[in-house]
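Below, each chain spelled out in residue letters.
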Amino acid sequence: MKIDCAFVERVLCAFIREELGKAGFRRGVLGLSGGLDSAVSAALSAKALGPKNILGLILPYGRSYAADVEDARDVARRLKIRSRVLDIAPMVDAYFRAVPTKARTLRGNKMARERMSILYDFSAREKALIIGTSNKTELLIGYGTIHGDMACALNPLGDLYKTQVRQLAAHLRLPSKILSKKPTAGLWPGQTDEGEIGLSYDELDRILYRLVDLRHSKAEVVSAGFARAKVERIVAQIRKSQFKRCLPPIAKISSRTIGHDFLYPYDWGR
Amino acid sequence: MLIALAQISPVLGEVNKNLRLHVALIEKALKKGAKVIVFPELSLTGYKLRDLAVETALVPGNNGPFRELLRLSRRIAIVVGFVEAADSGLFHNAAAFLAGGRILHIHRKVFLPTFGMFEEARFFAPGRDFKTFDSPLGRTGLMICRDFLHLSSGYLLQTGGAETIVVLSAAPGRGGTEKASASFATSRMWEMMGETLSFFTSAFVVYCNRSGFEDGMAFAGGSFVYNPLGRLAAKAAYAKNDFLLAGIDRREVLRARRLWPWTRDDKPEVALRVLQRAFDRHED
């Protein structure tokens, strides 16, 4: 699972530059959480497009994430990208005053979609495209909010496991504080990914790599020394979250239907 | 003789824009004194066409983009990739060798990868032949991308007396390399075949791959020329645009064939007999 970081960096920077350029853009906008993935995505984008062409939006809910805001600001300063802090509490609170809930996931998903809504607004204001920050691990197990943090115009990190993103972060010389930080979706204070998923990223990635990249069967992964219960849970999570990785199905009526047999590439004419 | 390899990134589905790119690089090759220029697979259209395959298809002849390319081919031989609209009503992933104002040969891709990320047989009809022809590169054979990875293609061009094998490719890179090789793992696969085929056919192998991105796929670049002794003669950058020049001298083929008589000692009649037997007994 070790990657050739210098080569991966070159390919991903070219991907960002060329995909944006082909679509007629030269600026990027992304959400900066103060965590590892968005820091790596921002660093690659800054190298690809020039720091002045990147806007990092720091979108905390109230004051409960002050340390993360400081880390995000620090990343923006080091990368010399532009940044802006906007508190999403007024918008989110206004909504939940109308339809109150204490369910943490509902509240967290609403916050993720509030951030998405702001990112899209700024992408239009800035004539910029949204650069994604979801990694392969979370995309595969569905650990993300559909139309929330998963929403973007292009995603440079989507084929890198979390542990590979960490390798790249070290290669890009991101601050050790960011590297050693406990990954969190930030849906509620004190949440950690590994606590919620119930597995370390290290073990999760090694299992996913065998199942997905090497196409090993569940039985093969178990016989390689991983607990059957863990492997089965991961397989179930992959299957359960398939809807987050696809466009919704369109009921086929006619002889030529979008998604079925109206088949054009994403980069049509680019 | 100098040959140019244009490792380019065409615009997907825009034949006229790509024609302009071709013309610019043909002018560049002429300035450098090249006598032949090779473009990648589907260089006039881009690779991941899907339904655009039909919409970008060309009828080879003195019309459309071919008119301009044929005119330029009076000054430099041009090997170009395109979608062929055949008389039969079928569409082929094709390559044309143009020289002296004429189409010397058209090759239709025989092996259409249709698995995993590839879906060519969904949109193209396969070709069914590997023919050699005389060109400024001596006796010449064409292949398109996946054709090159089948041992039979190289063998059939060898039996046709090929002195130069030209491969047009649009190979996406994939797979990591733990060592810092600055390339995708799959690039090695093409180089292995280039080295092997050039040595055991005593022919030049000219492999022109493309660069750029389509729908997130990165094309791996790394175009190369191997000489008839299996040695690397020229090599382009991985995964970025490049323009490669290499010298090709037919005397090297003759020298290699004196040193290593693989071609002289080959027995196609044995191959034919064994293949016939395998074919007669073949069941899926």
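Relevant structure appears above.
This text gives an overview of the structure that appears in the document. (Residues numbered from 1 in each chain as written. Chains lettered and ligands numbered in written order. Predicted model: local features only at pLDDT ≥ 70, side-chain atom pairs only at ≥ 80, totals over all residues.)

## Thoughts on the overall build of chain A
1) Next: Helices and strands together make up the secondary structure of chain A, namely 12 helices and 4 strands.
2) Next: For chain A, the C-alpha radius of gyration of 19 Å lies close to 18 Å, the compact-globule estimate for 270 residues.
3) Next: Reported as C-alpha extents along the three principal axes, the dimensions of chain A are approximately 50 × 50 × 50 Å.
4) Next: Among the 270 residues that make up chain A, the fraction classed as buried is 39%.
5) Next: Nonlocal contacts in chain A, meaning residues at least 24 apart in sequence, comprise 70% of its contacts between residues at least 6 apart. (Helix = DSSP H or I, 4+ residues; strand = E, 2+ residues; numbered from the N terminus. Rg over C-alpha atoms; globule rule 2.2 N^0.38 Å. Buried ≥ 20, exposed ≤ 12 C-beta atoms within 10 Å, placed from the backbone. Contact = placed C-beta atoms within 7 Å.)

## What to know about the pairing of strand β8 (residues 164-168) of chain B
Within a regular strand, side chains alternate between the sheet's two faces.
All names here are of chain B.
1) Next: Within β8, 5 of the 5 residues are buried, which leaves it mostly tucked inside the rest of the structure.
2) Next: Where burial is concerned, the two faces of β8 agree: the one with Thr164, Val166 and Leu168 and the one with Ile165 and Val167 are both buried.
3) Next: For strand β7 (residues 138-144) and β8, the ladder comprises 5 bridges, and the chain directions are parallel. Paired with threonine 140 across the bridge in β8 is threonine 164.
4) Next: One crossover worth recording links β7 to the parallel β8 by way of helix α4 (residues 151-159), and it is right-handed.
5) Next: Across 5 bridges, the pairing between β8 and strand β9 (residues 204-208) is parallel. Bridging from a neighbouring strand, leucine 168 pairs with cysteine 208 of β9. (Pairing = 2+ DSSP bridges. Right-handed = clockwise from strand over helix to strand, strands pointing away.)

## Focus: the sheet that holds strand β5 (residues 102-108) of chain B
Residue and element names in this part refer to chain B.
1) Next: Ordered in space as β5-β4-β3-β2-β1-β14, the 6 strands form an open sheet in which the pairing is mixed. Bordering the open sheet on either side are β5 and β14 (242-247), each of which pairs with just one other strand. Each strand axis lies, on average, 25° off the axis of its neighbour in the sheet, ignoring direction.
2) Next: Where strand β4 (residues 91-99) meets β5, 6 bridges bridge the pair, whose relative direction is antiparallel. Note that in β5 the partner of alanine 96 across the bridge is isoleucine 106.
3) Next: Packed on one face of the sheet, helix α1 (residues 15-31) meets β1 (2-7), β2 (36-38), β3 (77-85) and β14 and runs near 145° to β2. (Axes fitted to C-alpha atoms, helices over the stretch in contact; angles between N-to-C directions.)

## Here's the deal with the sheet that holds β9(B)
All names here are of chain B.
1) Next: In space, the 6 strands of this open sheet follow the order β6-β7-β8-β9-β12-β13, with mixed pairing throughout. Here the strands that pair on one side only, and so sit at the sheet edges, are β6 (132-135) and β13 (232-235). With direction set aside, neighbouring strand axes in the sheet form an average angle of 20°.

## Regarding the packing of helix α4 (residues 89-98) of chain A against helix α5 (residues 104-125) of chain A
All names here are of chain A.
1) Next: Between α4 and α5, the least distance of the axes is 10 Å, while the angle of their chain directions is 135°. Our classification of the angle between α4 and α5 gives oblique. The way α4 lies across α5 gives a crossing that is right-handed. Touching Met91, Val92, Tyr95 and Phe96 of α4 are Arg107, Lys110, Met111 and Glu114, all from α5.
2) Next: For the contact of α4 with α5, the per-class residue count stands at 5 nonpolar, no polar and 3 charged. (Parallel < 35°, antiparallel > 145°, perpendicular 65-115°, else oblique. Left-handed = near helix turned anticlockwise from the far one by under 90°. Nonpolar A, V, L, I, M, F, W, Y, C, P; charged D, E, K, R; others polar.)

## A look at the nonpolar core
1) Next: Formed by 147 residues in total, the largest nonpolar core has its most connected members in B:Ile37, B:Val38 and B:Val206.
2) Next: Counting residues per element, this core draws most heavily on helix α2 (residues 36-49) of chain A, at 9 residues.
3) Next: Residues in contact with B:Ile37, not counting those within four places in the same chain, are B:Ala4, B:Ala6, B:Leu25, B:Ile26, B:Ala29, B:Ile76 and B:Ile78. (Core = buried A, V, L, I, M, F, W, Y, C linked by C-beta atoms within 7 Å.)

## Structural notes on α4(B)
1) Next: Of all the positions in α4(B), only B:Ser153, B:Gly154, B:Leu156, B:Leu157 and B:Gln158 are classed as buried.
2) Next: Buried positions along α4(B) lie against β6, β7, β8, α5 (187-201) and α7 (262-265) of chain B.

## A few points about the environment of B:Tyr47
Residue and element names in this part refer to chain B.
1) Next: Relative to the elements of secondary structure, tyrosine 47 occurs in the loop between β2 and α2 (52-55).
2) Next: Residue tyrosine 47 is classed as buried on the basis of its C-beta count, with 26 C-beta atoms lying within 10 Å.
3) Next: Considered as a pair, tyrosine 47 and alanine 170 are 123 residues apart in the sequence and their alpha carbons are 6.8 Å apart.
4) Next: Not counting residues up to four positions away in its chain, the partners in contact with tyrosine 47 are Glu41, Leu42, Ala170 and Glu214.

Note that all results are geometric; they support no functional claim without further evidence.
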